[in-house]
Structure formats: C-alpha cells, structure tokens
Amino acid sequence: MKLFRIVIASAILPLLLLSCNRQAPTPEKDWRAEFESILPLLGHRNWVAITDMAYPLQSGEGIITLYADEPYTDVLKQTLDMIDKAPHVFPHIYHDTELEKITEEMVPGIEAFKRSIRDICGDRETKQKHEDIIRRLDEAGELYTVVVIKTPLTTAYSSTFLELDCAYWSAELEAAISE
C-alpha cells in the first residue's frame with residue numbers, strides 16, 4: 001500500500017508542479033496580422049464585416065471573429081486598403097439604410113461619422129436594409145467564410161459589410177462563357 005502511494009504521488013507531483021508554473025498568456029495577435037494572413041485565402045462569395053461592439057458573436061463554423069481595439073473608421077480604412085491591394089478580390093460595400101435615418105438629436109456626432117464613412121468608401125457603397133444584408137450574410141456563412149472584425153464603436157446601424165468578388169474575372173466574362 002505504501003509503494004502504491006509513492007507511485008501515485010510521483011505521478012501526480014510533476015503535474016501539480018507544472019500547473020503551478022503556468023506561463024502568462026501570450027498577447028493576442030494584432031488583428032491586422034490575422035486579417036492579412038486570412039486575406040489570401042478569401043475569394044468571391046466570402047464576406048468581411050467591420051462592426052460595432054453590439055454585433056453578436058456568431059457561432060457558425062465558417063465565422064472568424066477578430067477584435068480591433070481601435071477607432072472604427074481606422075479599422076474600416078485599413079481593411080479596405082488591404083483588400084484594395086489584394087490582386088484577387090475587390091469589395092462590394094454595403095451600409096444599412098437605417099443609418100441615414102439616424103439624426104444628430106438621436107446620436108450626437110452621427111453626421112460627422114457618416115461623412116467619414118463616405119470619405120473612406122467613396123462612391124463604392126450601396127445601401128440596403130439591415131435585415132436584408134444580415135440575411136445575405138447568413139446565407140453566405142452557411143457555405144463560405146465570413147470574417148467579422150469587431151470594434152469598440154457603440155453606434156447603431158454603423159457596420160460595414162464587404163462582399164468579396166473576383167478581381168480578375170467579371171460578370172460580363174462569366175455571361176459570355178455561360179451561354
């Protein structure tokens with residue numbers, strides 16, 4: 001019996017010592033580095049969403065969520081810059097139509113925010129109802145990867161949704177070979 005206790009103690013003691021000597025968790029990778037490593041793998045039909053803080057953490061298998069603890073407009077600009085430099089994809093940019101209905105009285109500073117979004121996106125954005133964008137995003141997420149980049153922004157209907165498309169093949173070319 002004494003030998004049994006010694007054997008058990010010698011088996012458990014190293015485990016206890018290892019658990020006491022835990023290393024501090026390593027800092028999370030920078031969201032930019034993570035996104036840059038994912039971007040070459042993305043293609044047409046993938047989506048990227050730059051969101052406000054209340055955007056839900058989705059649990060689907062193809063959802064990748066990153067957190068960028070930086071101002072929303074900085075994250076949006078950097079994300080678009082990375083995608084614009086990629087040779088294989090370009091974004092269709094969507095914003096909620098509901099954002100246009102939010103006034104200064106409802107959310108002080110909203111007009112400046114809307115201007116900054118227009119400055120970043122230019123004439124490339126399309127407006128759609130929030131529920132329509134979410135439905136399309138959900139449908140895409142059933143088969144394709146969706147990357148969500150959450151920011152600390154706390155403004156309703158502020159998310160930007162980027163539907164990626166092929167940069168070196170057009171709908172016209174596809175139609176020409178499909179006939």
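Above this text is the structure in question.
Calculation notes
- Residues numbered from 1 in each chain as written.
- Predicted model: local features only at pLDDT ≥ 70, side-chain atom pairs only at ≥ 80, totals over all residues.
- Heavy atoms only, no water.
- Salt bridge = Lys/Arg side-chain N within 4 Å of Asp/Glu carboxyl O.
- Helix = DSSP H or I, 4+ residues; strand = E, 2+ residues; numbered from the N terminus.
- Buried < 20%, exposed > 50% of the residue type's maximum accessible area, 1.4 Å probe, protein only.
- 1 Å grid on protein atoms, 1.4 Å probe; cavity = no way out; pocket = protein on both sides within 12 Å on 5 of 7 lines; lining within 4 Å.
- Points joined across faces, edges and corners; volume = space filled by probe spheres on them.
- Pairing = 2+ DSSP bridges.
- Patch = residues over 30% accessible without salt bridge, like charges linked within 9 Å, V, L, I, M, F, W, Y side chains within 5 Å.
- Areas by Shrake-Rupley, 256 points an atom, 1.4 Å probe, with all protein chains shown as cover.
- Lys, Arg positive; Asp, Glu negative; His and termini not counted.
- Charge placed at Lys NZ, Arg CZ, Asp CG, Glu CD.
- Axes fitted to C-alpha atoms, helices over the stretch in contact; angles between N-to-C directions.
- Parallel < 35°, antiparallel > 145°, perpendicular 65-115°, else oblique.
- Left-handed = near helix turned anticlockwise from the far one by under 90°.
- Contact = heavy atoms within 4.5 Å.
- Nonpolar A, V, L, I, M, F, W, Y, C, P; charged D, E, K, R; others polar.
- Expected span 1.5 Å × (residues − 1).
- Arc of directions from axis to C-beta.

K.L.:
Go over the pattern of salt bridges, please, and point to the residues and values.
P.N.:
Scanning the entire structure with this criterion turns up nine salt bridges. Of the charged contacts in the structure, one is a salt bridge between Lys114 and Glu111, with a shortest N-O distance of 3.3 Å. With a gap of three residues between them, Lys114 and Glu111 both fall in helix α5 (residues 110-121), about one helical turn apart. When its relative accessible area of 30% is taken as the criterion, Glu111 is described as partly exposed. Its salt-bridge partner being Glu139, residue Arg135 comes within 3.6 Å of it at the nearest N-O pair. With Arg135 and Glu139 both in helix α6 (residues 130-143) and four residues apart, this pair spans about one turn of that helix. What makes Arg135 partly exposed here is its relative accessible area of 41%.

K.L.:
Requested: an account of the layout of surface pockets, with residues and values cited.
P.N.:
There is about 190 Å³ of room inside the largest pocket. If you go around the largest pocket, the residues you meet are His44, Phe90, Asp165, Cys166, Trp169, Ser170, Ala171 and Glu174. Residue assignment for the lining of the largest pocket shows that the elements contributing at least two residues are β6 (160-166) and α7 (171-178).

K.L.:
Please provide a residue-by-residue account of the pairing of β6, values included.
P.N.:
Within β6, six of the seven residues are buried, which leaves the element mostly enclosed by the surrounding structure. Examined bridge by bridge, strand β1 (residues 47-51) and β6 share four bridges and lie antiparallel to one another. Within β6, the position partnered with Trp47 by the bridge is Glu163. With seven bridges connecting them, strand β3 (residues 89-96) and β6 associate as antiparallel partners. What sits directly across from His95, in β6, is Thr160.

K.L.:
Describe in detail a negative patch on the surface, supporting the description with residues and values.
P.N.:
On the surface, a cluster of negative charge is contributed by Glu131, Asp132, Asp138 and Glu142. One can find Glu142 in helix α6. The class of Glu142 is exposed, set by a relative accessible area of 66%.

K.L.:
Quick one: what's the story with unusual backbone geometry, residue by residue and with numbers?
P.N.:
You will see that Arg45, though not glycine, has its phi angle at about 85 degrees, which is positive. The phi dihedral of Tyr157 falls on the positive side, at around 55 degrees, and the residue is not glycine. Mapping Tyr157 onto the fold places it in the loop between β5 (146-150) and β6.

K.L.:
Please provide a residue-by-residue account of the packing of helix α2 (residues 31-38) against helix α3 (residues 72-85), values included.
P.N.:
Between α2 and α3, the least distance of the axes is 11 Å, while the angle of their chain directions is 25 degrees. Between α2 and α3, the angle is such that the two are roughly parallel. When the axes of α2 and α3 are compared, the crossing they make is right-handed. For the pair α2 and α3, contact is made by Trp31, Arg32, Phe35 and Glu36 and by Val75, Gln78, Thr79, Met82 and Ile83, respectively. Looking at the contact of α2 with α3 residue by residue, the class counts come to five nonpolar, two polar and two charged.

K.L.:
Outline a nonpolar patch on the surface, listing residues and values.
P.N.:
Taken together, Tyr168, Trp169, Leu173 and Ile177 make up a surface patch of nonpolar side chains, about 460 Å² in accessible area. Mapped onto the secondary structure, Trp169 falls in the loop between β6 and α7. With relative accessibility at 37%, the residue Trp169 sits in the partly exposed group.

K.L.:
Account for α3, with residues named and values stated.
P.N.:
Each α-helix turn comprises 3.6 residues. Residues three or four places apart therefore point the same way. Given a rise of 1.5 Å per residue, 14 residues ought to cover 20 Å, and the 20 Å separating the end C-alpha atoms of α3 matches this to within 8%. Buried within α3 we find Tyr72, Val75, Leu76, Thr79, Leu80, Met82 and Ile83. Projection of α3 onto a plane perpendicular to its axis shows the buried side chains occupying an angular sector of 160 degrees, all on one side. Residues of α3 that are buried in the fold lie against α2, β1, β3, α5, β5 and β6.

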